[in-house]
Amino acid sequence: MLISSRVKNLHPYVPGEQPKDRVYVKLNANENPYPPSPAVTRALTDFINKSPEKLGLYPDPDSLQLHAAIADMLNKTGGVLSRCSLAADGSVTPAEEDKIPFTVTPDMIYSGNGSDEVLSFVFYAFFDSGKSFVMPEFTYSFYPVYAGFYNIPMDTIPLKEDWSLDVDSMLSHAEKNKGGIIFANPNAPTGLALTREQVRQMLLKADKDEIFIVDEAYVDFGGESCIPLLKEFNNLVIVRTFSKSLCGAGQRLGYIVSSPELVNIVTTVKNSVNHFPIDALAQVSGTAACNDPAYYVDCAKKVCMARDSFYNFLKDSGFYVLKSQTNFIFAKHPSISGQDLYKGIKNEGILIRHFNTPGIEDFVRITVGTEEQMDMLKKAFEKIIRK
Ligand SMILES: *Cc1c(COP(=O)(O)O)cnc(C)c1O
């Protein structure tokens, strides 16, 4: 056979469309509408102007400077940007309840080429092909992709009627399977979150010898980070990304926060595939981003304000809307199909996301953009509803 049997198990991810035929306002991939901090642009141009020869050399395989900067940012922000307070002098303070009760150290960080790559290594390191891992039925659609890639069976647990995670069912299945748990918190595409205490209760009930993975891609927009729980639980791995709240989807940077022991395991996997996942420019820009938390706190707050205003608009327009703690909104209209909403909005020059997945096909997922973009989107929605 020309093609391996492994390839037959692949279910490639379909990303939000990136059309080339015309310029659309892109509210379909949960990217941040704001550019990275000016400090990032400065660091990158300085790097290229002052040490172009470094582009010809291999980057630091361990990304030590970046890991120190990530740890520092987490300590300064508590891991939830939108809930930080921002003083006039640019200093950032976490909300009292978000303060991490220990110091995150660089050896608790592992970083990779986007959290998608990090997740791939995490799946490889902690899930086994002989045992099903537990995940919610509707969650980040890359998890099944990796399960197929590594031939790991999955046990998908339906959401509850209100679209929240069925925590009890997830736990009882995990107890039976002994293969670990993964979910996004806040979850995608629903935008709903468990509180830290709810996750803690789950961890208390879950098997301490099985891995427990929380994907915090969206937590900076108002959820509660589980980083403080690392003090109590050695089986917890938290996955985070620069793509959403750190305005960095183009630079491909993601990371985990966990115990140094589990970080070492993932590092071993990485060193068995590609020793240099993070290129020199991404290390420079990621470090500069972490060193300017105030800028990103401001961006996150703006996104949250635009989100809440758009939530009210949709509610007032008769939509069923989930109360999002992310930078996107999941909503459906009582009489206009998800597909028609998507098409109508696209006609107005704006892309939103529609999933043809049974169970959620009535919904659209709308990424929160700038205030101006959301005003444009409101007008587009008004036009379609009036038709
Ligand atoms: C966007 C997203 C990611 C992937 O982020 P990258 O770092 O861009 O690969 C991971 N998990 C969830 C839940 C996401 O929505």
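See above for the structure.
Now for a description of the structure that goes with this document. Everything numeric here is computed off the predicted structure, so don't read it as measured data.

Once that is clear, we can look at helix 2 (residues 64-77). Residues separated by three or four positions in an α-helix point in the same direction, a consequence of the helix having 3.6 residues per turn. Along its 14 residues, helix 2 runs 20 Å from first to last C-alpha, staying within 8% of the 20 Å computed at 1.5 Å per residue. Where helix 2 is buried, its residues contact strand 3 (92-93), strand 4 (109-112), strand 9 (236-241), strand 10 (254-257), helix 8 (280-290) and helix 9 (293-316). Just past helix 2, the residue G78 takes up positive phi, approximately 70°.

So, about the side chain of S37. By secondary structure assignment, the location of S37 is in the loop between strand 1 (25-26) and helix 1 (38-50). If near-sequence neighbours (up to four positions away) are discounted, S37 is found in contact with D292, Y295 and Y296.

Here we take up the packing of helix 1 against helix 8. How two helices pack is summed up by the angle between their axes together with the distance between the axes. Running from N to C, helix 1 and helix 8 cross one another at 145°; their axes reach a closest spacing of 8 Å. Crossing of helix 1 over helix 8 shows right-handed handedness. Contacts between helix 1 and helix 8 pair A39, V40, A43, L44, F47 and I48 from the former with A280, L281, V284, S285, A288 and A289 from the latter. Class assignment of the residues belonging to the contact of helix 1 with helix 8 gives a composition of eleven nonpolar, one polar and no charged.

This brings us to the nonpolar core. If you look at the biggest cluster of nonpolar residues, it comprises 92 residues, and the most contacted ones within it are L74, V104, F183, F212, L314, L377 and F381. Sorting elements by how many residues they give to this core places helix 9 first, with twelve residues. Beyond its immediate sequence surroundings of up to four residues, F381 is in contact with F310, F313, L314, F319, L341, I345, I352 and I366. F123, I182, I211 and I256 belong to the second-largest nonpolar core, a separate cluster that totals 29 residues.

Once that is clear, we can look at empty space enclosed by the protein. Inspection of every chain in the model, using the stated rule, returns three cavities of 30 Å³ or more. Empty space within the largest cavity amounts to approximately 50 Å³. Lining the largest cavity are W163, S164, L165, A184, N185, N187, T190, L192, A193 and L194. Across the lining of the largest cavity, the residue classes break down as six nonpolar, four polar and no charged. Quantified by volume, the second largest cavity comes out at close to 40 Å³.

So, about the packing of helix 9 against helix 11 (residues 371-386). Direction vectors running N to C along helix 9 and helix 11 enclose 10°, while the axes themselves pass 11 Å from each other. The angle between helix 9 and helix 11 places the two elements in the roughly parallel class. Mapping the contact onto sequence places A306, S309, F310, F313 and L314 in helix 9 and M374, L377, K378, F381 and E382 in helix 11. In terms of residue class, the contact of helix 9 with helix 11 is made up of seven nonpolar, one polar and two charged.

Take a nonpolar patch on the surface next. There is a patch of nonpolar side chains on the surface, built from L2, I3, V7, L10 and F149 and spanning about 530 Å² of accessible area. In this fold, F149 is placed in helix 4 (residues 142-150). With a relative accessible area of 49%, F149 lands in the partly exposed category.

Conventions used here
- Chains are numbered independently. Their residues run from 1 in the order of the written sequence.
- Under the rules for a predicted model, residues below a pLDDT of 70 receive no local features and side-chain atom pairs below 80 are neither given nor counted, while totals for whole chains, interfaces and linings still include all residues.
- Derived side-chain values reflect all non-hydrogen atoms in the structure, with water molecules and hydrogen atoms excluded from consideration.
- Helical segments are the DSSP runs of H or I of at least four residues, strand segments are the runs of E of at least two, and each set is numbered from the N terminus.
- Here the expected span of a helix is defined as 1.5 Å times the quantity of residues minus one.
- In what follows, a contact means two residues having at least one pair of non-hydrogen atoms within 4.5 Å.
- Think of each axis as a best-fit line through the C-alpha atoms, taken over the contacting stretch in the case of a helix, with angles from 0 to 180 degrees between the N-to-C directions.
- In this scheme, a crossing is called left-handed if the near helix is turned counterclockwise away from the far one by less than a right angle; it is called right-handed if the turn is clockwise.
- By the convention adopted, Pro, Cys, Tyr, Trp, Phe, Met, Ile, Leu, Val and Ala count as nonpolar, Lys, Arg, Asp and Glu as charged, and the other residues, Gly among them, as polar.
- Buried Ala, Val, Leu, Ile, Met, Phe, Trp, Tyr and Cys residues that are joined via side-chain atoms within 4.5 Å together make up what is termed a nonpolar core.
- The rule is simple: take the accessible area with a 1.4 Å probe, protein chains only, and divide by the maximum for that residue type; under 20% is buried, over 50% is exposed, in between is partly exposed.
- Here the term cavity refers to a set of points on a 1 Å grid, laid over the protein atoms alone, in which a 1.4 Å probe fits but cannot get out; the term pocket refers to an open set having protein on both sides within 12 Å along at least five of seven lines, with lining residues being those that place an atom within 4 Å of a point.
- Grid points are joined across faces, edges and corners, and a volume is the space filled by probe spheres set on the points.
- Should an angle lie under 35 degrees it is considered roughly parallel, over 145 roughly antiparallel, and from 65 to 115 roughly perpendicular; all remaining angles are considered oblique.
- Patch membership needs two things, relative accessible area over 30% and no salt bridge, and members are linked within 9 Å if like-charged or within 5 Å if nonpolar (Val, Leu, Ile, Met, Phe, Trp, Tyr).
- Values of accessible area rely on a 1.4 Å probe in the Shrake-Rupley scheme; residue burial ignores everything except the protein chains shown.
- Counted as salt bridges are all cases of a side-chain nitrogen of Lys or Arg within 4 Å of a carboxyl oxygen of Asp or Glu.

Read these as layout, nothing more, since geometry by itself doesn't imply function.
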